[in-house]
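# Coordinates in review
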Amino acid sequence: MNNKYLLSKRNFFEKNGYVIYKNILSKKNTSYYLRDLKKFALNKNEGKNLFLQGYHGLSKWKKIKQIRKNPKIKKIATSLLGTNIKNFGSELFAKKGSGTMPVPLHQDDAYWCSNGGRGLTLWLALTSVSKKNGGIFYLQGSHKKGLMPHQMAKTKKFSQTIKKSININKYKKISPVLNKGDCVVHGGLTAHGSKKNISNKPRIAITFRFIDKNLTFNKSRLKKYKKQLKKHRQITEAT
Ligand SMILES: O=C(O)CCC(=O)C(=O)O
């Protein structure tokens, strides 16, 4: 990953709000981590199936720290955000197979409640990813709009979605095709989501979030969000 390559990727990211990097992990290492993640899921989750949609507690998986140290991941994050960055957590996003749920259209900062959304999510594919198996999609250039109004979503694990009244038709929808070990990065203000998995192939990704160390958070937004989250849990846990 030389400077010229990283700069061209940064230019693409700034213009479009997302960018793809190929071969972050080798296929062999990716398969190894996926096997280990499956073992972790079986042991740690008291019978619940982590691969049905998502799991926010991925920092409990030992290997996540190891992967985060990968020099390519560090280089990507610093080339896009600068060197003044910090770890902002990791998640598992999975769709086990046919019929697994969509993720509603949202901007991550609707969850983060920061001032300005200066952060990114590196979404690392542990399986191959396409539109058919519920791959992530982006509204190209939507990050330039700033934070759009959100409303409560009805999907389990995802409490926020962009308000239905917002006109999103002017944005082109991009669905990256990825091989296992590739990644796609999006910013805190890039609108994205994913559809149902309509194939019989699993779609599994893990994320690495980074934010600018000086990023501040909006207390009143956080308070409102937490209130909505509580209500969301009551509704979705009951369904
Ligand atoms: O993997 C997905 O379907 C959604 C991922 C997502 O929303 C995210 O990484 O912020």
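Refer to the structure above for everything that follows.
No experiment lies behind these values; they were computed from the predicted model shown.

## A short note on the packing of helix α1 (residues 3–16) against helix α4 (residues 71–81)
- Relative orientation of the contacting elements α1 and α4 amounts to 55 degrees, with a least axis distance of 9 Å. Classed by the angle they form, the pair α1 and α4 counts as oblique. The two elements α1 and α4 cross, and the hand of that crossing is right-handed. Contact with α1, carried on its side by L6, K9, R10 and F13, involves K75, S79 and L80 of α4 and no other residues of that element.
- The residue inventory of the contact of α1 with α4, partitioned by class, reads three nonpolar, one polar and three charged.

## Section: α4
- Along α4, the residues classified as buried are I73, I76, A77, S79, L80 and L81.
- Two or three places before K72, at the opening of α4, N70 has a side-chain oxygen 2.7 Å from that residue's backbone nitrogen.
- After α4 finishes, the residue G82 shows a positive phi value of roughly 100 degrees.

## Notes on the site of the ligand
- Contacts to the ligand come from F93, V103, H106, D108, T121, W123, I136, H186, H192, S194, R203 and T207.
- Taking W123, its side chain carries an N or O atom lying 2.9 Å from an oxygen atom of the ligand.
- In this structure, an oxygen atom belonging to the ligand sits 2.6 Å away from a side-chain N or O atom of S194.
- In the complex, the protein chains occlude 97% of the 300 Å² of accessible area that the ligand would expose alone.
- Class assignment of the residues belonging to the shell around the ligand gives a composition of four nonpolar, six polar and two charged.

About the criteria used
Residues numbered from 1 in each chain as written. Predicted model: local features only at pLDDT ≥ 70, side-chain atom pairs only at ≥ 80, totals over all residues. Heavy atoms only, no water. Axes fitted to C-alpha atoms, helices over the stretch in contact; angles between N-to-C directions. Helix = DSSP H or I, 4+ residues; strand = E, 2+ residues; numbered from the N terminus. Parallel < 35°, antiparallel > 145°, perpendicular 65-115°, else oblique. Left-handed = near helix turned anticlockwise from the far one by under 90°. Contact = heavy atoms within 4.5 Å. Nonpolar A, V, L, I, M, F, W, Y, C, P; charged D, E, K, R; others polar. Buried < 20%, exposed > 50% of the residue type's maximum accessible area, 1.4 Å probe, protein only. Polar contact = N/O pair within 3.5 Å; in protein donor to acceptor, adjacent residues only side chain to side chain. Near = heavy atom within 4 Å. Areas by Shrake-Rupley, 256 points an atom, 1.4 Å probe, with all protein chains shown as cover.

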